[in-house]
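Chain by chain, the residues run as shown.
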Amino acid sequence: MPNLPEVPSTPEPPPAPPPPPAQPGRGARIWKWTKRLILVGLVGLVLILAAGVGAYVYFSRDLPSVEALRNYQPPQVTKVTCADGTVCAEFYLERRTLVRIEDLPKHVRDSFLAAEDADFYKHEGLDYVGMVRALIANVTAGGTRQGASTITQQVVKNLLLTPERSLPRKIREWILTPRVEEALTKDQILNLYINQIYYGHRRYGLEEAALYYFGKHAEDLSIGEAAVLAGTPQSPHRINPETNIVRAKSRQRYVLGQLMQHGFLPKEQVEPELEKPLVLAPRPPPPVGAYYAEEIRRTLIERYGEKAALEAGLRVEIAMEPKLQAVAEEAVRTGLEAVDRRQGYRGPLGTVEAERFERLKGLIAHRIEEAGRRQKDAEYVADLAPLAKAGPEPEVSQEDEGAEELRPELAPEGEAPPSPEEALVRSVPLRPLKEGLRLTGFISAVDDKKGIAKVDLVGRTAEIAFPTVKWARQKGKGSPSSISDVFQVGELVRVRVLKALPAPASVEATLDQIPLVQGGLVVVNPANRNVVAMVGGYDFERSSFNRATQAKRQPGSSFKPFIYAAALGSGRFTPLSTVNDAPEAIRDPYTGKQWKPKNYDGRFDGPMTLRQALTKSKNTVSVRLIEAITPATAIDYARRAGIHSALPENLTLALGTGEVTLLEAVNAYATLQANGRYSDPLLVLRVRNVEGKVLEEHAPAFEETLPPAVAYLTTTLMRSVVEEGTATAVRELNRPAAGKTGTTNESRDTWFSGFTMDWVATAWVGFDNNSPLGSTETGGRAALPIWLDFMRAAHQGLPPREFEVPPGVVQVRIDPATGLLAGNSMPGRLEPFLEGTAPTAEAPPMGQVDTSTFFLEDGKRR
């Protein structure tokens with residue numbers, strides 16, 4: 001077929017575009033997003049669960065076991081009872097006395113629930129509703145303003161964890177809280193809480209808080225008092241009723257409101273408490289015997305360990321008699337202040353600019369307005385001593401009653417820390433105004449014409465009259481001639497209130513000064529060797545070093561009675577043996593050194609009896625005696641009397657160059673007083689554990705370590721010291737007494753040890769750094785007044801008693817001029833001798849005396 005031409009084909013139309021997909025309906029779209037959200041939620045939930053499990057596992061590591069709480073015993077106070085049955089000291093890490101929850105009235109238990117956790121008996125440890133409520137409140141406030149910790153959580157925090165504020169600690173708390181709820185009953189948890197928490201002023205547990213603030217046991221608290229204490233743990237250092245009664249009352253009203261709101265108490269029982277003023281217990285009397293108590297504390301730690309001594313609730317009975325202890329402390333204070341005044345005024349404690357003082361005064365006055373008043377307290381004044389120490393970091397004593405505690409760890413979460421100035425103001429102690437009060441004030445005016453300086457005590461003004469400060473001679477200056485020679489405006493000075501006159505009259509005061517010189521006094525009952533009083537320094541709060549037991553000082557001439565006792569005991573000397581008081585160069589065979597003994601007064605009086613030599617405290621005679629009997633013999637007598645410290649075995653021992661403690665010295669003198677009967681001095685009499693089991697008990701164990709007749713003769717020699725020698729001031733006691741003064745080189749140590757039939761006491765005065773006291777200070781001037789002040793008070797109401805004469809002593813009437821027997825026709829006096837050593841020759845008539853025929857050999861060198 002022929003090829004035909006191609007005919008062009010008609011193009012096919014393009015295919016129609018597919019129709020647009022159908023749009024899903026609204027319901028489909030919702031379902032789609034719902035599935036996505038569910039998926040994300042499931043993934044998130046899994047992640048949250050995984051994170052939760054991981055966190056639980058991570059934070060559960062090394063958590064403490066809650067089983068320990070089943071038998072948990074919080075630390076308890078060790079209580080020390082004195083001879084009169086009163087509790088005179090307490091030792092503790094935390095001052096706590098346990099009470100049982102079942103012994104508390106219902107309103108007391110309910111007050112704590114109302115204050116801290118009203119649903120305590122309903123929840124299982126964690127209050128989820130409260131946690132959400134606190135979260136909302138804190139978010140709204142923009143910071144931590146409200147907590148949601150249950151009582152169980154607080155027990156966990158206080159007993160199993162730490163007060164640290166952090167999320168890890170909070171997570172551990174959440175983990176442990178249910179475990180505690182499973183391990184303990186609700187009552188057990190509440191019991192732990194009430195006994196563990198802090199209530200301010202170093203009081204832990206409800207019982208101690210009730211005793212401190214209201215003077216009653218926890219079981220006796222009223223509704224209003226229970227509400228106060230239940231509200232205190234929220235911020236114990238700030239809202240306790242003593243530090244700030246305004247805040248305490250506000251917090252009490254809140255707790256009372258919660259008691260009504262949650263149905264714990266009916267309205268008619270609660271409402272009367274809302275406006276009733278808070279009444280605090282009278283201020284307890286100031287404690288006595290701080291040095292004595294510290295010695296007991298150290299003894300208990302040495303014997304039982306620190307944990308038992310401070311936490312086991314031991315019951316300790318000691319020999320201290322509080323009334324005598326108070327007398328001893330006052331005697332030491334008065335004696336040291338007298339020495340200090342003789343050494344002059346050291347100037348003000350510091351200065352404060354008037355403008356700054358006025359600013360601080362306003363803040364302190366506000367504290368005074370809000371501070372709680374105890375019964376019998378007068379108005380408060382401020383002790384401005386912290387202002388004298390003020391700097392970038394002011395010194396604050398947490399032990400100072402009257403100062404507000406600075407405890408940042410106790411502050412509510414979110415509370416800003418105080419500024420340095422606020423901290424300074426809070427550290428200022430507030431004191432109830434009374435006669436004898438010692439505190440620091442601000443010199444606001446000085447008037448030479450009237451002879452008066454005005455002292456601002458914040459709240460009251462005191463006036464110091466010039467005649468009371470004429471002693472205040474400053475170093476390098478003469479005695480003051482006007483009040484402006486002593487004070488300048490702006491100075492901070494220590495004052496003592498003489499008369500607390502009611503406002504608007506000014507308080508009468510005088511300048512006060514804390515002595516630099518130190519001293520001590522120890523008193524023993526010779527009948528049982530009980531240490532009835534012990535003072536180890538001027539002020540325990542300023543220096544806890546106990547100079548009665550921890551310091552070893554040279555006794556000087558107060559050691560001489562033991563040398564004389566050894567001489568009498570040797571049989572070679574009697575009280576009337578004659579020894580020459582004359583200068584002589586001696587080569588000490590024990591040291592190899594050349595030595596020339598001198599007497600304190602620089603005089604030499606020639607031949608004299610032993611009685612005269614001790615009465616006049618002649619050093620040369622003591623040296624001759626120790627030469628004759630040897631230092632070893634003297635040391636042996638001192639050891640047997642009760643001096644156990646190391647003593648130098650050379651001739652200088654005659655001058656008391658060994659070092660001893662006051663406690664050793666007084667007990668050695670007690671051995672002489674008891675006619676040679678020794679026993680250890682007793683401080684601790686009995687120790688019992690908290691269950692009452694006796695752990696130790698002590699009674700005197702006397703043994704005759706010195707010949708009774710020798711001890712008695714030594715006592716009679718010391719009676720002469722009191723009656724006509726260096727201690728004649730003692731005669732005012734109007735009773736038989738014996739003793740010996742002691743003064744070391746340059747008056748670095750001054751002593752007086754002495755006794756009557758009732759008491760034996762040793763007093764010492766000196767500087768801690770062994771500086772000289774000054775050429776005018778002696779044992780008779782510095783130490784004896786302390787001893788005498790104590791003895792004067794301690795013997796009130798006691799009849800005079802003669803020293804007991806033991807067997808082996810004969811009383812012979814002798815002629816004082818010759819030492820021979822007094823004839824019937826001449827006057828004489830009784831003199832004691834050891835049997836077999838009395839003179840046998842009779843004194844010849846006047847003008848026919850031969851003194852060489854009756855004296856025993858004096859041990860002179862051959």
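(A) Region of interest: the overall build of the chain. Of the regular secondary structure elements, the chain holds 24 helices and 26 strands. Every one of the 862 residues in the chain was classed for burial, and the buried ones make up 51%. Within the chain, counting contacts between residues at least 6 apart in sequence, those at least 24 apart form 70% of the total. Surface summary for the chain: the accessible area is close to 40800 Å², and the carbon and sulfur share equals 54%.

(B) Structural detail: the confidence of the model for the chain. On average, residues of the chain carry a pLDDT of 88, and 88% of them reach 70 or more. The low-confidence segment residues 853-862 (pLDDT under 50) makes 27 contacts with residues lying over four places distant or belonging to another chain.

(C) Region of interest: the sheet that holds strand β12 (residues 518-525). If you walk across this open sheet you meet the 5 strands as β13-β12-β24-β23-β22, and the pairing is antiparallel. Both outer strands of the open sheet, β13 (530-535) and β22 (738-743), are each paired with one neighbouring strand and no more. Shown here is a sheet whose adjacent strand axes are inclined to one another by a mean of 10°, direction ignored. In terms of strand pairing, β12 meets strand β24 (residues 760-766) through 7 bridges, oriented antiparallel. In the sheet register, Val-524 faces β24, and the bridge partner there is Val-760.

(D) Quick look at the packing of helix α2 (residues 106-116) against helix α6 (residues 186-196). One can describe the packing of α2 onto α6 by two numbers: an axis separation of 11 Å at closest approach and a directional angle of 85°. Taken together, α2 and α6 sit at an angle that is classed as roughly perpendicular. For the pair α2 and α6, the contacting residues are Arg-109, Phe-112, Leu-113 and Glu-116 in the first and Leu-190, Tyr-193 and Ile-194 in the second. Of the residues belonging to the contact of α2 with α6, the class tally is 5 nonpolar, no polar and 2 charged.

So, how was this worked out
Residues numbered from 1 in each chain as written. Predicted model: local features only at pLDDT ≥ 70, side-chain atom pairs only at ≥ 80, totals over all residues. Heavy atoms only, no water. Helix = DSSP H or I, 4+ residues; strand = E, 2+ residues; numbered from the N terminus. Buried < 20%, exposed > 50% of the residue type's maximum accessible area, 1.4 Å probe, protein only. Contact = heavy atoms within 4.5 Å. Areas by Shrake-Rupley, 256 points an atom, 1.4 Å probe, with all protein chains shown as cover. pLDDT = per-residue confidence, 0-100. Pairing = 2+ DSSP bridges. Axes fitted to C-alpha atoms, helices over the stretch in contact; angles between N-to-C directions. Parallel < 35°, antiparallel > 145°, perpendicular 65-115°, else oblique. Nonpolar A, V, L, I, M, F, W, Y, C, P; charged D, E, K, R; others polar.

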